[in-house]
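Fold and contact review
Chain by chain, the residues run as shown.
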Amino acid sequence: MIHNFHIPVMGLAYTIDTPLRVASYGIDSVISIVDDELAEKMRVFFCEKYSLPYTPIPTKIQDYRARRITGYLDLMDKLVKEKFKKFSEELSMNRHELEKFVAMLPKTSVIKKKLEDLSSDRFFGRAGKVIRDYLSPGAIDVNIMTKVDKTNYRGKTALPSLYNDAHAALRGFANSTLNSSLVLSAGMNPSLYSYMGTFKDFFPDGEGVLKKKIVLKVSDFRSAMIQGRFLAKKGIWVSEYRVESGLNCGGHAFATDGLLLGPIMEEFAERRQELAKTAHELLVKALEDKGIRAPESPMDIRITVQGGVGTSEEHEFLLQHYKADSVGWGSPFLLVPEATATDKATRELLAKTGENELYRSDLSPLGVPFNTVAGTTNDYFKEQRIKTGRAGSSCPKKLLALNREFGEKGICTASRKYQEVKLEEAEEEKGNLTVEALGRRRQAITVKACLCVGLANPVYLEKNMKIKGEQQGVVICPGPNMAYFDKEIPLREMVRHIYGYTSVLAERDRPHFFIKELQLYLDYLVEEIREERNTAGKAKIKRWNTFKNNLLSGIAYYENLFAGTSFFGKDRKNIKTRLADFKACVAEIDIPEA
């Protein structure tokens, strides 16, 4: 690998063409592939831009979802390879461009040293061979959120499960020309995982090489072990476990029961070989049963991490202390026009956003907390519809039509159809509710936003593409770390910031990312206890006690960690003070008796 960071998936559109923007520099990035309509529109756009032939894939044909996704991924593969070839040739012929590229590489990378030695006039002619031998384009990885897998219909007839959204997306990737990874997020989907076993590219070839790899986004070691074993029994090897902070991240926030990132990464570091050995033993048996030659020893496993990292020292600490293979940098790249598809107005909103504007919302139809920012255009249009008595979205895509309260076909809780019924029910019960309770009931219904459209609109706006249907505006999902970056950032400077050559941080007090995550978890627990204290049953109270104990255990781990590490020297005193304060706060949390 050229770089030791990657750009994770962000929304539906923010990274939809990021590989084409950054892969030439050797930077790995991730595309969301569940929205086939977006994929098809992007294929049209790029075919027109590069004067390539385009054959439409209409919704009337068989398996159009998978075919659209395959078509877009194949196009990305082609364009990235062509762009990388031109970039490599330019580096071989233009010393100035070579020097600029070398200045973006990690300080300790092998290729940096080799190219620096060849950058003088005397040796520049040899650079071409080093570039050919050591440079490769960044991966075009793809993401499927496993929960987005509703049953699809042809008229009133339910289609077989293999035509479900996530299943079709998986098939679209499996049939593509890509040699890259499928990133699975949001937990285990046994049906989807089993379906992988029908595609040969997920199995090792005669040389033990995987053309298409599996990456699991996980919140803790236990989840990694369970999912890794499940897939190994199907003959599928997990090549990477991508550990993500439960709360200090962008998008949906899947909180753990108070398990903090540091202790989680420590367990991965200590039990990495166990994870590989356990999966390998199950894999060998499964492959033998299928008549596929099994590798004699465990294949490589990468452990990567993401969530709130904002300085080069934090980045390097994760690589050195926990032996992480790569660190994900997400939200800051929303301010990098060369890397992500973000419209100008939204980028300006993000640049002036502080801690108070970033919040964990209830706007996701999935019913999972969702990190976002106040002041989006989606907020504006949503409020306008509520004022005119037309709450909810027209729901043109129905990707999140997962609520089956009104029938098996499913409906989205952000849709107008759903919200009108629920608001009518609230009105019928008005006599039994206080004014405040009725207001809260209405707010809980209408807060839901159309993510399918709101998370796709940014790329349409950025590229001046026509947006059909009613105005939905833009939904943006940065993590809390967004507060500490306050301006548009060139790609080169962002990468140099990651590696410690320069700093692009705002002049604001920024807590260490472990401390920030601890604060988020403490606030999360306190808020949940306050809201549910009077209605909590034994199971919930038991969870709160587990949560509290895990926080105290995590704080003890950090106290030992920061007493012994050589990292964070100038910040260590402040970190220790903050830990002591949080320890006292956690100890004082009053959990009711079961």
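Residues numbered from 1 in each chain as written. Predicted model: local features only at pLDDT ≥ 70, side-chain atom pairs only at ≥ 80, totals over all residues. Heavy atoms only, no water.

**Looking at the overall build of the protein chain**
- Secondary structure assignment for the protein chain yields 21 helices and twelve strands.
- The C-alpha atoms of the protein chain give 24 Å as radius of gyration, which agrees with the globular expectation for 594 residues (25 Å, within 12%).
- In terms of overall dimensions, the protein chain has a C-alpha envelope of 85 × 65 × 55 Å along the principal axes.
- Going through the 594 residues of the protein chain one by one, you find that 56% of them count as buried.
- Restricting the contact set of the protein chain to residue pairs at least 6 apart, pairs at least 24 apart contribute 72%.
- Accessible surface, the protein chain: about 26500 Å² in total, of which carbon and sulfur atoms supply 49%.
- Averaging the coordinates of the 88 positive side-chain charges in the protein chain and doing the same for the 78 negative ones gives two points 3 Å apart. (Helix = DSSP H or I, 4+ residues; strand = E, 2+ residues; numbered from the N terminus. Rg over C-alpha atoms; globule rule 2.2 N^0.38 Å. Buried < 20%, exposed > 50% of the residue type's maximum accessible area, 1.4 Å probe, protein only. Contact = heavy atoms within 4.5 Å. Areas by Shrake-Rupley, 256 points an atom, 1.4 Å probe, with all protein chains shown as cover. Lys, Arg positive; Asp, Glu negative; His and termini not counted. Charge placed at Lys NZ, Arg CZ, Asp CG, Glu CD.)

**Details of the packing of helix H9 (residues 221-232) against helix H10 (residues 261-289)**
- For the pair H9 and H10, interaxial distance at closest approach is 8 Å and the crossing angle is 15°. One element, H9, and the other, H10, form an angle in the roughly parallel class. Of the two elements, H9 crosses H10, and the hand of that crossing is right-handed. Contacts between H9 and H10 involve Phe 221, Ala 224, Met 225, Arg 229 and Ala 232 on the former and, on the latter, Glu 267, Phe 268, Arg 271, Glu 274, Leu 275, Thr 278, Ala 279, Leu 282, Leu 283 and Ala 286.
- In the contact of H9 with H10, the residues fall into ten nonpolar, one polar and four charged. (Axes fitted to C-alpha atoms, helices over the stretch in contact; angles between N-to-C directions. Parallel < 35°, antiparallel > 145°, perpendicular 65-115°, else oblique. Left-handed = near helix turned anticlockwise from the far one by under 90°. Nonpolar A, V, L, I, M, F, W, Y, C, P; charged D, E, K, R; others polar.)

**Here we look at the environment of Gly 328**
- Within the fold, Gly 328 resides in strand E10 (residues 326-328).
- Sequence spacing of Gly 328 and Arg 242 is 86 residues, and the spatial spacing of their C-alpha atoms is 8.9 Å.
- Setting aside chain neighbours within four positions, we find Gly 328 in contact with His 6, Pro 8, Val 305, Gln 306 and Gly 307.

**Comments concerning the pattern of salt bridges**
- Applying the stated criterion across every chain yields a total of 45 salt bridges.
- Arg 242 is the salt-bridge partner of Glu 240, the closest N and O atoms lying 2.8 Å from each other. We note that Glu 240, like Arg 242, is buried.
- With a closest N to O distance of 3.6 Å, Arg 404 and Glu 408 form a salt bridge.
- The class of Arg 404 is partly exposed, set by a relative accessible area of 40%. (Salt bridge = Lys/Arg side-chain N within 4 Å of Asp/Glu carboxyl O.)

**Brief notes about the sheet that holds strand E7 (residues 213-218)**
- Reading around the barrel, the eight strands line up as E1-E2-E3-E6-E7-E8-E9-E10 and close back on themselves, with parallel pairing between neighbours. With strand direction ignored, the average angle separating the axes of adjacent strands in the sheet is 30°.
- Bridging between E7 and strand E8 (residues 238-244) involves five bridges; their strand directions are parallel. The residue of E8 that forms the bridge with Lys 217 is Arg 242.
- The strands touched by helix H3 (residues 64-93) within the sheet are strand E2 (28-32) and strand E3 (140-145), with E3 carrying the most contacts at an inclination of about 155°.
- The sheet contacts of helix H7 (residues 165-174) involve E3 and strand E6 (181-185), and relative to E3 the element is tilted by about 165°. (Pairing = 2+ DSSP bridges.)

**Some details on the side chain of Ser 361**
- Along the chain, Ser 361 falls in strand E11 (residues 358-361).
- Here Leu 363 takes part through its backbone nitrogen, which lies 3.4 Å from a polar atom of the side chain of Ser 361.
- Residues within four places of Ser 361 in sequence aside, it is in contact with Pro 369, Phe 370 and Thr 372. (Polar contact = N/O pair within 3.5 Å; in protein donor to acceptor, adjacent residues only side chain to side chain.)

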